[in-house]
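Each chain is listed here by its residues.
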Amino acid sequence: MPRAIDADYLVVGAGAMGMAFTDALIDHADVRVVLVDRRHSVGGHWLEAYPFVRLHQASLFYGVASTALGGGGRQRRGPEEGLHERATQAEIVAYFDRVLHRMLDSDRVEFYPNSDYLGDRTVRSRISGETFEVGKRCRIVDACYLSPSIPAEKPPPFDVAEHARVLPVNALARLEDAPSEYVIVGSGKTATDACVWLLSRGVDPNAICWVRPRDPWMLNRAKVQPEPSVFLGMAADIMAAAAGAASLEDLFLRLEDADVMLRIDPAVMPTMAKTPTLATWELDQLRTLEHVLRRGHLKAVDRGRLTFADGSVTIAADALVVHCAADGLKYPPLVPLWGPHAITLQPVRAGFPCFGAALTGYVEATRERDDDKNRLCTPSPYPDTLAQWARMNVLGTQATIAYSADPDIRSWSDHVSLNPARIPPGHPTSAALDDATERLTSHLPQGLARLTELA
């Protein structure tokens, strides 16, 4: 028989969103939480990420509300000197471990690693086989609805012949013999990280072949910073560009002119808009790679050959094909955060999922009725295409307007560094901040209306 556990909440998934929700919930409500995860510890996919990965955003925008990730300072050296620090994989894993111990010390959280949620309020350990269940009054929190797929945990989405040399991106850092050619497969942040890392290790750009099925738009990292005048200035630029845009392509070209968006090849119009951040120095590095294959998705890899739907391409016999082509972000249908069977964590404002999960935890702790909670926190999606990016910004902006109208939420969010749009209490005024807020106020109505049409 399953062992009964007394709890008010069962949070399924101890990745960034599950941790952010739990942290805010226990800080504002006297409740007991059971936290479960299939992995051996907290931190989600970061536990399996490639070792040279760093957050693509500032550390202050990531993690939980009670405890800032990193020291909040700016980088003092290197190509991003002056920009806010970005945590490494090791720093993120250590951070979530510290947050977990804070939760456990509160005596209001129990953590069950290496465990699967079986449904019907039942959890089973992968190690001991023991099962336990929570009571009917316990609320289920789905923190896995948007769990990403990563190359370390998903096989390549193409056929691999017996003698082909194909490795996930994680294995790059542990190579012992250099091939004469690297083939990077993927269009997103993982692929760009792999290319930049190889170049940083002295690999000749001519020795890198990049299989890029789609070209991506990326946000200029210098415009996504925990400085109110900078972030709100970017938001104003987006709304101003949208207000005058004749089409989605025109919108992104206007944002490129405003230094908000970046694309690798100025001669190619990108069709992918997941929009991670990219630094201009990384852009310069990526533009040194001239051997780019834009032939759609790779179908098969054999020794010395890549096969696409429209034919094949010869590569070096000893080429190393680097798998960076996992799905990454997920795009399930948007559902109400507070549903009849579970609280389903999703971003609320445009992007920044940790803030959305923390906000959801705060609202759950401070409101009684689910319809009120859903009114305050409506979900926004992750984007993939240009139209989806526009839709994300429409829904995220509408949600921001809704929750900011409640004084206590506005006060809480202004104190939380996860909120990229906050103006902290006591923050000094400046001409740059005044200009950003005035432009945002001026362009918001027309920009939001046009984004709605474009989406």
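In what follows, the structure referred to is the one given above.
Residues numbered from 1 in each chain as written. Predicted model: local features only at pLDDT ≥ 70, side-chain atom pairs only at ≥ 80, totals over all residues. Heavy atoms only, no water.

Caption draft 1: Region of the structure containing the overall build of the protein. Of the regular secondary structure elements, the protein holds eleven helices and 21 strands. Relative to the compact-globule value of 23 Å for 455 residues, the protein shows a C-alpha radius of gyration of 23 Å, a close match. Principal-axis analysis of the C-alpha atoms gives the protein an extent of 60 × 60 × 40 Å. Taken across its 455 residues, the protein has 53% of its residues classed as buried. Working note: accessible area of the protein is about 19400 Å², and carbon and sulfur atoms make up 50% of it. (Helix = DSSP H or I, 4+ residues; strand = E, 2+ residues; numbered from the N terminus. Rg over C-alpha atoms; globule rule 2.2 N^0.38 Å. Buried < 20%, exposed > 50% of the residue type's maximum accessible area, 1.4 Å probe, protein only. Areas by Shrake-Rupley, 256 points an atom, 1.4 Å probe, with all protein chains shown as cover.)

Caption draft 2: Examining the sheet that holds strand β10 (residues 166–168) more closely. Spatial strand order, β10-β20-β11-β12-β16: five strands in an open sheet with parallel pairing. Only two strands of the sheet have a single partner each, and these edge strands are β10 and β16 (292–293). Two strands pair when backbone bridges link them, and β10 and strand β20 (residues 320–323) are joined in this way by three bridges, in the parallel orientation. Along β20, the bridge assignment pairs Val166 with Val321. Contacting β11 (182–185) and β12 (208–211), helix α3 (residues 189–200) crosses the sheet at an angle of about 175° to β12. (Pairing = 2+ DSSP bridges. Contact = heavy atoms within 4.5 Å. Axes fitted to C-alpha atoms, helices over the stretch in contact; angles between N-to-C directions.)

Caption draft 3: The arrangement of the nonpolar core in detail. Counting 119 residues, the largest nonpolar core has Met19, Leu172, Ile184 and Leu251 as its most contacted members. Tallying contributions element by element places helix α4 (residues 228–244) first for this core, with nine residues. Beyond its immediate sequence surroundings of up to four residues, Ile184 is in contact with Ala191, Ala194, Cys195, Leu198, Ile208, Cys209, Trp210, Val211, Val322 and Cys324. One finds Phe158, Ala164, Val166 and Cys209 within the second-largest nonpolar core, a separate group that totals 16 residues. (Core = buried A, V, L, I, M, F, W, Y, C linked by side-chain atoms within 4.5 Å.)

Caption draft 4: Quick peek at the sheet that holds strand β3 (residues 33–36). The strand order β4-β3-β2-β8-β21 describes an open sheet built from five strands, whose pairing is parallel. A single partner strand is all that each edge strand has here, and the edge strands are β4 (109–112) and β21 (343–344). Across four bridges, strand β2 (residues 9–12) lies against β3 in parallel orientation. Paired with Tyr9 across the two strands is Val33, which belongs to β3.

Caption draft 5: View of the pattern of salt bridges. Scanning the model with the defined rule gives 31 salt bridges in all. Between Arg294 and Asp265 there is a salt bridge, and its shortest N-O distance comes to 3.2 Å. Taken together, the residues Arg294 in the loop between β16 and β17 (300–302) and Asp265 in the loop between β14 (261–263) and β15 (277–278) connect sequence positions 29 residues apart. Relative accessible area serves as the criterion here: at 22%, Asp265 is assigned to the partly exposed category. Across the pair Arg295 and Asp310 runs a salt bridge, and its minimum N-O distance is 3.2 Å. Taken together, the residues span a long stretch of sequence, with Arg295 in the loop between β16 and β17 and Asp310 in the loop between β18 (305–308) and β19 (311–314) at a distance of 15 residues. (Salt bridge = Lys/Arg side-chain N within 4 Å of Asp/Glu carboxyl O.)

Caption draft 6: Quick peek at the pairing of strand β6 (residues 122–125). The pairing of strand β5 (residues 115–119) with β6 spans four bridges and is classified as antiparallel. Paired with Gly119 across the two strands is Thr122, which belongs to β6. Between β5 and β6, which pair antiparallel and follow one another directly, the connecting turn spans two residues, one of which, Asp120, has a positive phi of 50°. Bridge count for β6 against strand β7 (residues 131–134) is three bridges, and the pairing is antiparallel. Bridge pairing links Thr122 to Glu133 in β7. Hairpin connection, β6 to β7: the antiparallel pair is bridged by five residues, and Gly129 has positive phi, about 80°.

Caption draft 7: Here's a closer look at the side chain of Ser41. Here Ser41 is to be found in the loop between β3 and α2 (89–105). The exposure class assigned to Ser41 is buried, which follows from its relative accessible area of 15%. Excluding residues that lie within four positions of it along the chain, Ser41 makes contacts with Leu47, Asp97, Phe111 and Pro113.

Caption draft 8: The arrangement of the packing of α4 against helix α11 (residues 431–454) in detail. Where α4 contacts α11, the two axes come as close as 7 Å, and the packing angle between them is 35°. Of the two possible hands of crossing, α4 and α11 adopt the one that is left-handed. Among the residues forming the contact of α4 with α11, the class breakdown is 15 nonpolar, six polar and three charged. (Left-handed = near helix turned anticlockwise from the far one by under 90°. Nonpolar A, V, L, I, M, F, W, Y, C, P; charged D, E, K, R; others polar.)

Caption draft 9: Spotlight on empty space enclosed by the protein. On inspection of all chains with the given rule, the structure shows one cavity of 30 Å³ or more. Taken as a whole, the largest cavity spans an internal volume of roughly 50 Å³. If you trace the largest cavity, you find it lined by Tyr145, Leu146, Lys330, Tyr331, Pro332, Pro333, Leu334, Gln346, Pro347, Ser380, Pro381 and Tyr382. For the lining of the largest cavity, the residue count by class is nine nonpolar, two polar and one charged. (1 Å grid on protein atoms, 1.4 Å probe; cavity = no way out; pocket = protein on both sides within 12 Å on 5 of 7 lines; lining within 4 Å. Points joined across faces, edges and corners; volume = space filled by probe spheres on them.)

Caption draft 10: The arrangement of the pairing of strand β13 (residues 217–220) in detail. The sheet contact formed by β13 and β14 spans three bridges and is antiparallel. Bridging from a neighbouring strand, Leu219 pairs with Met261 of β14. When β13 meets β15, the two strands line up parallel, connected through two bridges. Its bridge partner being in β15, Asn220 is matched across the sheet by Leu278.

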